[in-house]
Amino acid sequence: MSDAPLLACRNLEVFYGKYLQVLRGVSVDVRPGQMVAVLGPNGAGKTTLIRTIMGLIEDQPERGQVTLDGQRIDSWDTGRRVQHGLACVPEGREVFAELSVRENLVMGAWVRSAAAIPEGLERVYSRFPRLGERHKQLAGTLSGGEQQMLVIGRALMSRPRVLLLDEPSLGLAPRVVAEIFAILVELVAEGIALLLVEQNARLALAHAHQGYVLESGRVVLSGKAQELRDNPDVREFYLGVKQAESVKGFRRFKRRRRWA
Ligand code: ATP
């Protein structure tokens, strides 16, 4: 695993309008071969971070830099960022409901030559066989899990080097979430770096290499996923562990009192 970041955000300061500052000096690194998880409560700025990296915020960051493979990209439009290897799976499974599965996938390949599309479709269908089986079906008629797979497949059609995912587990059944995370792990093993925004901290830290905790637009904690899993504040506020321990402690206390 190389030590130079593939994607690096440095001191991002991002505003909506003149006065609402949402990111306050955020720095995040994603190295090749890594899955990086960004955790944080609602409104912490996680989606804004992804939108900033993709160039989807109307005003460019007030301050700070985004680099991809050492090259500064923060003044580029979104299309150029995609051409250079970024892709995004937005929150909420935004499929083109009136288009077929196949047409949705082809939309994701707009940076590729027409000749590369059949091979791209084959790769997506072999990773997500259900999409292959339903390639003619309208995307709006798929289940939530299938739509999430379609959005991931669509992002893969541009052959990204870094894939940004916003809450891929949101609103999905545990079995489907497990299936999606197994695929994310495969993607990392195949060399795609992932930056994952996720409210399901347990799941994210179980699979990620590195993690960041964002609160009120600031990185308040960062480190190896294992270190974050062991951090008492993360355990209490994101993994709910202290609460569970105190319940156990209370049961022990009650048992002791019964025999006293
Ligand atoms: P969630 O988990 O709820 O999606 P988040 O950590 O992804 O939260 P963001 O969606 O980045 O947070 O939002 C951060 C803050 O910016 C919130 O206070 C939100 O209300 C505000 N915000 C988000 N988008 C806009 C916008 N387009 N215009 C103005 N304010 C916005």
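Some details on the domain arrangement of the chain
Under the domain assignment used here, the chain contains domain 1 (7–85 + 161–259) and domain 2 (93–159). Domain 1 and domain 2 are separated by 25 Å when their C-alpha centres are compared. Across the contact, 20 residues belong to domain 1 and 15 residues belong to domain 2. Carbon and sulfur atoms make up 68% of the surface buried where domain 1 meets domain 2, a total of about 1300 Å² over both sides. Interface area lost by domain 1 to domain 2 is led by V82, I180 and I183, which between them contribute 30%. If you look at where domain 1 meets domain 2, you find three salt bridges. Across the pair E190 and R127 runs a salt bridge whose closest N-O atoms are separated by 2.5 Å. Summed over the shared surface of domain 1 and domain 2, the result is five residue pairs in polar contact (both at pLDDT 80 or more). Contributing elements (two or more residues each) for the side of domain 1 that touches domain 2: α2 (78–83), β7 (162–166) and α7 (174–189). Broken down by element, the side of domain 1 that touches domain 2 gets its largest block of residues, seven residues, from α7. Residues that form the side of domain 1 that touches domain 2 fall into these classes: twelve nonpolar, three polar and five charged.

Observations regarding the pattern of salt bridges
Enumeration over the complete set of coordinates arrives at twelve salt bridges. The partner of E186 in a salt bridge is R127, and the shortest N-O contact between them spans 3.2 Å. Placement of E186 in helix α7 and of R127 in helix α4 (residues 117–127) is noted, with a sequence separation of 59 residues between them. It is possible to trace a salt-bridge network through shared partners that takes in R10, D29 and R31.

A closer look at the side chain of R154
For R154, the position within the fold is in helix α6 (residues 144–156). Within the buried core, R154 has no salt-bridge partner, and the shortest N-O distance to an opposite charge, that of E94, equals 6.0 Å. When sequence neighbours within four positions are dropped, the list of residues in contact with R154 reads E94, V95, F96, N104, L105 and G108.

Examining the environment of A193
Secondary-structure assignment places A193 in strand β8 (residues 193–197). When its relative accessible area of 0% is taken as the criterion, A193 is described as buried. Each C-alpha atom of the pair A193 and G92 lies 21 Å from the other, and the pair is 101 residues apart in sequence. Look past the residues within four positions of A193 in its chain and what remains in contact with it is L6, V30, R31, G33, Q34, R161, V162 and L163.

Describing the environment of G40
Note that G40 resides in the loop between β3 (35–39) and α1 (46–54). In this structure the C-alpha to C-alpha distance between G40 and R127, which are 87 residues apart in sequence, comes to 30 Å. Each residue touching G40, except ones within four places of it in the same chain, is listed here: K46, Q199, L214 and Y238.

Basis of the calculations
- Residues numbered from 1 in each chain as written.
- Predicted model: local features only at pLDDT ≥ 70, side-chain atom pairs only at ≥ 80, totals over all residues.
- Heavy atoms only, no water.
- Domains from an automatic or database assignment.
- Contact = heavy atoms within 4.5 Å.
- Buried area = accessible area lost by both parts, 1.4 Å probe.
- Salt bridge = Lys/Arg side-chain N within 4 Å of Asp/Glu carboxyl O.
- Polar contact = N/O pair within 3.5 Å; in protein donor to acceptor, adjacent residues only side chain to side chain.
- Helix = DSSP H or I, 4+ residues; strand = E, 2+ residues; numbered from the N terminus.
- Nonpolar A, V, L, I, M, F, W, Y, C, P; charged D, E, K, R; others polar.
- Buried < 20%, exposed > 50% of the residue type's maximum accessible area, 1.4 Å probe, protein only.
- Lys, Arg positive; Asp, Glu negative; His and termini not counted.

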